[in-house]
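Below, each chain spelled out in residue letters.
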Amino acid sequence: MSERREGALDDATIEARLKAELPAWRYEDGWIRRTYKTAGWKSTLMVINTVGHLAEAAWHHPDLTASYAWVEVRLMNHAAKGITDKDFALAAKIEEVVGWQPGAEGGPLEGTPTDPRFAYVKYDK
């Protein structure tokens, strides 16, 4: 990768922040990454659309790779040629929204049924 520009975080800072803020994400080949496992193609497309909406609203766009039952989200600030606070902010919002489980909160929303016919994201335990 080319020389990092102003605003790009160093590797040690990136690793420390991932551990503290986004433990399901990893730093690899200059990107922060997260793979979301899904129950199938329909769920994969819902994750992609969710990430797309958040990215467009933030005006900060990740790279995505998808297959039948997973989506990989990769973030890196191209202008800074490295990872910046923008990447962490968008990753945190993606994690919050894709990982949301209303049924686990005990509120009025019951969340996705446990019946496998309605399976969606395979949440980390």
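Conventions adopted
Residues numbered from 1 in each chain as written. Predicted model: local features only at pLDDT ≥ 70, side-chain atom pairs only at ≥ 80, totals over all residues. Heavy atoms only, no water. 1 Å grid on protein atoms, 1.4 Å probe; cavity = no way out; pocket = protein on both sides within 12 Å on 5 of 7 lines; lining within 4 Å. Points joined across faces, edges and corners; volume = space filled by probe spheres on them. Nonpolar A, V, L, I, M, F, W, Y, C, P; charged D, E, K, R; others polar. Helix = DSSP H or I, 4+ residues; strand = E, 2+ residues; numbered from the N terminus. Buried < 20%, exposed > 50% of the residue type's maximum accessible area, 1.4 Å probe, protein only. Polar contact = N/O pair within 3.5 Å; in protein donor to acceptor, adjacent residues only side chain to side chain. Contact = heavy atoms within 4.5 Å.

Can you walk me through the layout of surface pockets in this structure?
Sizing a probe to match a water molecule and rolling it over the atoms shows the empty space that remains. By volume, the largest pocket amounts to about 490 Å³. Gln101, Thr112, Tyr120, Val121 and Tyr123 are the residues nearest the centre of the largest pocket, which is lined by 22 residues in total. Among the residues forming the lining of the largest pocket, the class breakdown is 12 nonpolar, six polar and four charged. A volume near 180 Å³ is recorded for the second largest pocket. Around the second largest pocket, the lining residues are Arg34, Thr35, Tyr36, Lys37, Glu95, Val98, Gly99, Gln101, Val121, Lys122, Tyr123 and Asp124. Secondary structure elements with two or more residues in the lining of the second largest pocket: strand 2 (31–37) and helix 3 (85–98). Here the element with the most residues in the lining of the second largest pocket is strand 2; it accounts for four residues.

Sorry if this is basic, but what is going on with the side chain of glutamate 72 here?
With respect to the helices and strands, glutamate 72 occurs in strand 4 (residues 70–75). A residue is classified by how much of its surface remains accessible, and glutamate 72, at 11% relative accessible area, is buried. A polar side-chain atom of glutamate 72 sits 2.9 Å from a polar atom in the side chain of arginine 26. A polar contact is formed between the side chain of glutamate 72 and the side chain of arginine 74, at a distance of 2.8 Å. Beyond its immediate stretch of four places on either side in the chain, glutamate 72 contacts Arg26, Arg33, Arg34, Thr35, Asp63, Leu64 and Thr65.

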